[in-house]
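Residue-level structure breakdown
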Amino acid sequence: MLKIGVFASGGGTNLQSLIDAVEAGCIKGGHIEVVFSNKPGAYALKRAEKHNIKAFCIEPSGFKSAEEYDKKLASEMNRAGIGLVCLAGYMKILKKEFIDGFKGKIMNIHPALLPSFGGKGMYGLRVHEAVIERGCKVTGCTVHFVDYGTDTGPIIIQKAVEVKDNDTPETLQKRVLESEHRAYPEAVRLFASGKLDIQGRRVRVVEE
Ligand code: GRF
């Protein structure tokens, strides 16, 4: 059984989509073992508790560096036997100290079609503002594996969303978020069933 750890700093609607998918039996061979946050007040922690999933927070202020923090996090995840880490609105960039121990086992979801509109500072409404400002007709979401860069890892799934003439960043964010809630469970389902094959920058879905 694949043990999944979800990292979230905020509201956790993507976490909710993963919880719902597991409970509906859509992610065969996997379950959410733990939900972790760097923010004590994150609503994501409450969502986990409501579903009887272990939820905990470690505040970064008690650590002398981000590296030390990530070492602690890696040891917690190893102790829990986590085989897949899903970043779901986790607003802290993971350091090498964490990534090295979970190669090919960390996923992230981004609210745009990477490699466009990604990287440092591209989060939340800023992404959708930038998409509208640039005049894009299509945007969407990307689920990708995490490497040392920000939003640069191998792409697993993308879903396209039309940009409408009257869209505001808020209306666009809402529709992109709906696409995220379909994409993330699908990516995790494929991982849990051993269907994802990473070859360099490309991720192939092994025939189902
Ligand atoms: C999502 O838009 C996700 O793509 C990004 O952070 C947001 C998290 O939203 N990485 P939620 O907390 O899952 O509702």
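See the structure printed just above.
We now turn to the structure provided with this report.

Conventions adopted
Residues numbered from 1 in each chain as written. Predicted model: local features only at pLDDT ≥ 70, side-chain atom pairs only at ≥ 80, totals over all residues. Heavy atoms only, no water. Buried < 20%, exposed > 50% of the residue type's maximum accessible area, 1.4 Å probe, protein only. Helix = DSSP H or I, 4+ residues; strand = E, 2+ residues; numbered from the N terminus. Contact = heavy atoms within 4.5 Å. Phe/Tyr/Trp six-rings, centres within 6.5 Å; stacked < 30°, edge-to-face > 60°. Near = heavy atom within 4 Å. Polar contact = N/O pair within 3.5 Å; in protein donor to acceptor, adjacent residues only side chain to side chain. Areas by Shrake-Rupley, 256 points an atom, 1.4 Å probe, with all protein chains shown as cover. Nonpolar A, V, L, I, M, F, W, Y, C, P; charged D, E, K, R; others polar. Salt bridge = Lys/Arg side-chain N within 4 Å of Asp/Glu carboxyl O. Core = buried A, V, L, I, M, F, W, Y, C linked by side-chain atoms within 4.5 Å. Pairing = 2+ DSSP bridges. Axes fitted to C-alpha atoms, helices over the stretch in contact; angles between N-to-C directions. Parallel < 35°, antiparallel > 145°, perpendicular 65-115°, else oblique. Left-handed = near helix turned anticlockwise from the far one by under 90°.

Once that is clear, we can look at helix α1 (residues 13-23). Every buried residue belonging to α1 is among Asn-14, Leu-15, Gln-16, Ser-17, Leu-18, Ile-19 and Ala-21, and all of these are buried. Buried residues in α1 make contact with β1 (2-7), β2 (30-37), α2 (43-50), β4 (84-87), β5 (106-110) and α6 (169-192).

Here the structure, examined in full by the defined rule, presents nine aromatic pairs. Ring centres of Phe-7 and Phe-36 lie 5.1 Å apart, and the angle between their planes is 65 degrees; this geometry places the pair in the edge-to-face category. Separated by 29 residues along the polypeptide, Phe-7 in strand β1 and Phe-36 in strand β2 bring together distant segments of the chain. With a relative accessible area of 0%, Phe-36 lands in the buried category.

This part takes up the site of the ligand. The ligand sits among Gly-11, Gly-12, Thr-13, Asn-14, Gly-89, Ile-109, His-110, Pro-111, Leu-177 and Glu-180. Taking Gly-12, its main chain carries an N or O atom lying 2.8 Å from an oxygen atom of the ligand. Within the backbone of Ile-109, a nitrogen or oxygen atom sits 2.8 Å from a nitrogen atom of the ligand. Relative to its free-state accessible area of 370 Å², the ligand is covered by the protein chains to the extent of 79%. Among the secondary structure elements, those contributing two or more residues to the shell around the ligand are α1, β5 and α6. Its residues assigned to classes, the shell around the ligand comprises three nonpolar, six polar and one charged.

Oppositely charged side chains are able to pair whenever their charged atoms sit close together. Here the structure, examined in full by the defined rule, presents eight salt bridges. Salt-bridge contacts for Glu-76 lead to Lys-72; the nearest nitrogen and oxygen are separated by 2.9 Å. Of this pair, Glu-76 and Lys-72 both sit in helix α3 (residues 66-79), four residues apart, which is roughly one turn of that helix. Between Arg-189 and Glu-186 there is a salt bridge, with its nearest N and O atoms 3.2 Å apart. You can see Arg-189 and its partner Glu-186 sitting in helix α6, three residues apart, about one turn around the helix. Connected via shared salt-bridge partners are Lys-72, Glu-76 and Arg-79.

What follows covers the nonpolar core. In terms of nonpolar packing, the biggest core is built from 40 residues, with Val-6, Met-107, Ile-156, Tyr-184 and Val-188 touching the most fellow members. With nine residues, the top contributor of residues to this core is α6. In terms of nonpolar packing, the next biggest core, distinct from the first, is built from 19 residues, Met-77, Leu-87, Leu-94 and Phe-102 among them.

Now for the sheet that holds strand β7 (residues 155-162). In spatial order, the strands read β3-β2-β1-β4-β5-β6-β7; together these seven strands make up an open sheet with mixed pairing. Among the strands making up the open sheet, the edge pair consists of β3 (54-57) and β7. Mean inter-strand twist for the sheet, computed between neighbouring axes without regard to direction, equals 20 degrees. One ladder, built from four bridges, connects β2 with β3; its direction is parallel. Within β3, the position partnered with Ser-37 by the bridge is Cys-57.

This paragraph deals with the packing of α1 against α2. Running from amino to carboxyl end, α1 crosses α2 at an angle of 15 degrees, the nearest separation of the two axes being 9 Å. Of the possible angle classes, the one that applies to α1 and α2 is roughly parallel. Crossing hand, α1 versus α2: right-handed. Two secondary-structure elements touch here, α1 through Thr-13, Leu-15, Gln-16 and Ile-19 and α2 through Ala-44, Arg-47 and Ala-48. A per-class count over the contact of α1 with α2 returns four nonpolar, two polar and one charged.

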